[in-house]
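# Observations on chain architecture
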Amino acid sequence: EASPYAIRLTAALCGAATVLTTWWMVRELFEFAAEEQPFSPPTGALWAALFVALSYWHLSLSRLGFRAITLPLLLTLAFALIWRAWRRLRGSRRSDSGKAPSLPWASALAGGLALGASLYTYTAGRMALVLFVLMAAALWLAAEPYAFERRALPRVCGLTLGGALLIAAPLLLYF
């Protein structure tokens, strides 16, 4: 039975989990180019999580039981996994033996699944795919300074988009 207590408890748990996934996402982002950061990645991640935990809007939505509280949870989870995959691509040029390094398939697919699930949460979640495409394009343009092998990026991004579209297929077919 969907009692007010159950709905609010679910929202509160999603809100608390969002603080943790925000910490993870920001840490993955700052690890991406850690040598260029003015502070350590765990410090930046801790500050971001603190700001989310004390944010008026986050606290308010965590108490009321709106479905919108699941959007930041899934998006922070998705982008933490996506940045983890992209970070593993950094410096992924062929080794001395000529063997190509393994690509981060698991992180890319899991990030895509979470990205696709975000479309079910709130209407504004539909922009998540657009945000992903814009970020991938920016990474493509900045591949040289960050030592990316551009040939690996479309494969990883394609897997991420494939996972997102797989999860979003029922919703997209409905529309």
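Now for a look at the structure at hand. Bear in mind the structure is a predicted one, so any value in this text is a computation, not a measurement.

## Brief notes about the overall build of the protein
Counting its secondary structure elements, the protein contains 7 helices and 0 strands. Shown N-terminal to C-terminal, the secondary structure of the protein runs as helices and strands in the order α-α-α-α-α-α-α. Taking the principal axes of the C-alpha coordinates as reference, the protein spans close to 60 × 45 × 25 Å. With an accessible surface of roughly 10100 Å², the protein has 69% of that area assigned to carbon and sulfur atoms.

## Observations concerning a nonpolar patch on the surface
A grouping of Leu109, Leu113, Tyr120, Leu166 and Ile167 is seen on the molecular surface, where their side chains present a nonpolar patch of about 410 Å² in accessible area. Relative to the helices and strands, Leu109 resides in helix H5 (residues 105–117).

## A look at the packing of aromatic side chains
Any pair of aromatic rings gets described here by the distance separating the centres and the angle formed by the planes. Scanning the model with the defined rule gives 5 aromatic pairs in all. Aromatic pair Tyr56 and Trp57: ring centres 5.3 Å apart, planes at 75°, arrangement edge-to-face. A relative accessible area of 58% places Tyr56 in the exposed class. Both rings, one in Trp86 and one in Phe132, keep their centres 5.8 Å apart while their planes meet at 25°; by these two values the pair is stacked. With Trp86 in helix H4 (residues 70–89) and Phe132 in helix H6 (residues 128–141), this pair connects stretches of sequence that are 46 residues apart.

## Overview of the pattern of salt bridges
Counting across every chain of the model gives 3 salt bridges. Arg27 is the partner of Glu31 in a salt bridge, and the nearest nitrogen-oxygen pair spans 3.9 Å. Taken as a pair, Glu31 and Arg27 lie in helix H1 (residues 4–32) at a separation of 4 residues, close to a single helical turn. A residue is classified by how much of its surface remains accessible, and Arg27, at 28% relative accessible area, is partly exposed. In this structure, Glu28 and Arg87 form a salt bridge, with 2.7 Å as the shortest nitrogen-oxygen distance. In this pair, Glu28 is assigned in helix H1 and Arg87 in helix H4, connecting sequence segments 59 residues apart.

The rules behind the values
- The residue count restarts for each chain, going from 1 along the sequence in the order it is written.
- Given that this is a predicted model, residues contribute local features only at a pLDDT of at least 70 and side-chain atom pairs are listed and counted only at 80 or more, while totals for whole chains, interfaces and linings are drawn from all residues.
- Calculated side-chain values reflect all of the structure's heavy atoms, with hydrogen atoms and water omitted.
- Going along the chain from the N terminus, every DSSP run of H or I of four or more residues is numbered as a helix, and every run of E of two or more is numbered as a strand.
- Working definition of accessibility: Shrake-Rupley area with a 1.4 Å probe, residue cover restricted to the visible protein chains.
- To count toward a patch, a residue needs a relative accessible area above 30% and no salt bridge. Like charges then connect within 9 Å, nonpolar side chains (Val, Leu, Ile, Met, Phe, Trp, Tyr) within 5 Å.
- Only one rule defines a salt bridge in this text: a Lys or Arg side-chain nitrogen within 4 Å of an Asp or Glu carboxyl oxygen.
- For Phe, Tyr and Trp, rings pair up if their centres lie within 6.5 Å, where Trp contributes its six-membered ring, and each pair is then called stacked (planes under 30 degrees apart), edge-to-face (over 60) or tilted (otherwise).
- Residue exposure (1.4 Å probe, protein chains only): buried if accessible area is under 20% of the type maximum, exposed if over 50%, otherwise partly exposed.

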